[in-house]
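What follows is each chain in one-letter form.
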Amino acid sequence: LEAESEAKIEVILNLGDWHHFTLPDALALFPAAAVYVASERNVRKQPSIASRAKILDRVSPSIPEIGTELQIVPWLGYSQDGMPKMMSGEARGSPRIEFVLSHPASGTIFVTDHFFGGDVGKPLKANTGGFKLVDAAAARESVRRVLALNPRRLVTSHGGRDACVREGAEIAPAYDVLLEAHGVPPD
């Protein structure tokens, strides 16, 4: 990866509290990289990363190493009631932790779990199984902050190779569908 990009990997970032299986290998491959994780759940699920992992602040995340090249936006307003305790390790009502990462120069945003890629040519699917709406105002504010980044491309962590990328005019309506799927009426 470093050879292909002709850049040094300086930061490893885990945007959600579920995508954690690759973290031990990533830390081994890039021993000098700073490591940021979405929550203490990542460390609990992958104890071998505890000595290096920095836990992001859920409301005001900051990664000094990335400066303004990337922006990170908290995804708020949800709990993870849909996940069994045996999988999440958390009681119902615990906040669902996810961040949206934006690369302003390319207009690309990266999301982990609030969308599923679905089928090519069809709208993104809202993840209502792992997320439960608990604060409609916070959810709307999260959408507002994401759309204020003026994304031209959205990349999900779920979906086939072609299904996980959406472009331009598909993005804002996808967030309307997402809020509606969680019972948030249109403005």
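Structure: above.
Read on for an overview of the structure. (Residues numbered from 1 in each chain as written. Predicted model: local features only at pLDDT ≥ 70, side-chain atom pairs only at ≥ 80, totals over all residues. Heavy atoms only, no water.)

1. Comments concerning the layout of surface pockets
Thinking step 1. Looking at the largest pocket, its volume works out to about 300 Å³.
Thinking step 2. Lining the largest pocket are 14 residues, and of these Leu13, Leu15, Leu70, Leu101 and Phe110 sit closest to its centre.
Thinking step 3. Elements that contribute at least two residues to the lining of the largest pocket include exactly strand 1 (11-13) and strand 6 (99-103). (1 Å grid on protein atoms, 1.4 Å probe; cavity = no way out; pocket = protein on both sides within 12 Å on 5 of 7 lines; lining within 4 Å. Points joined across faces, edges and corners; volume = space filled by probe spheres on them. Helix = DSSP H or I, 4+ residues; strand = E, 2+ residues; numbered from the N terminus.)

2. Here's the deal with the packing of aromatic side chains
Thinking step 1. Enumeration according to the criterion identifies four aromatic pairs in this entry.
Thinking step 2. Centre to centre, the rings of Tyr78 and Phe131 are 5.6 Å apart; their planes meet at 90°, and the pair counts as edge-to-face. Here Tyr78, found in strand 5 (residues 78-79), pairs with Phe131, found in the loop between strand 9 (125-126) and strand 10 (132-133); they are 53 residues apart in sequence, far enough to count as distant.
Thinking step 3. An angle of 70° between the planes, with centres 4.9 Å apart, marks the rings of Phe115 and Tyr175 as edge-to-face. Of this pair, Phe115 sits in strand 8 (residues 115-116) while Tyr175 sits in helix 6 (residues 171-181), and the two are 60 residues apart along the sequence.
Thinking step 4. Chaining the aromatic ring pairs together yields one cluster made of Trp75, Tyr78, Phe115, Phe131 and Tyr175.
Thinking step 5. Note that Arg96 overlies the ring of Phe131, its terminal NZ or CZ placed 4.3 Å from the centroid. (Phe/Tyr/Trp six-rings, centres within 6.5 Å; stacked < 30°, edge-to-face > 60°. Lys NZ or Arg CZ within 6 Å of the ring centre and 35° of its normal.)

3. Notes on the sheet that holds strand 2 (residues 34-37)
Thinking step 1. Taking strand neighbours across the sheet as the criterion, the three strands line up as 1-2-3 in an open arrangement whose pairing is parallel. Since the sheet does not close on itself, it has two edges, and those belong to strand 1 and strand 3 (53-55), each with one partner. On average, adjacent strands in this sheet sit at an angle of 30° to one another, irrespective of strand direction.
Thinking step 2. Looking at chain direction, strand 1 and strand 2 are connected through three bridges and run parallel. Looking at the pairing, Val11 lines up with Ala34 of strand 2. (Pairing = 2+ DSSP bridges. Axes fitted to C-alpha atoms, helices over the stretch in contact; angles between N-to-C directions.)

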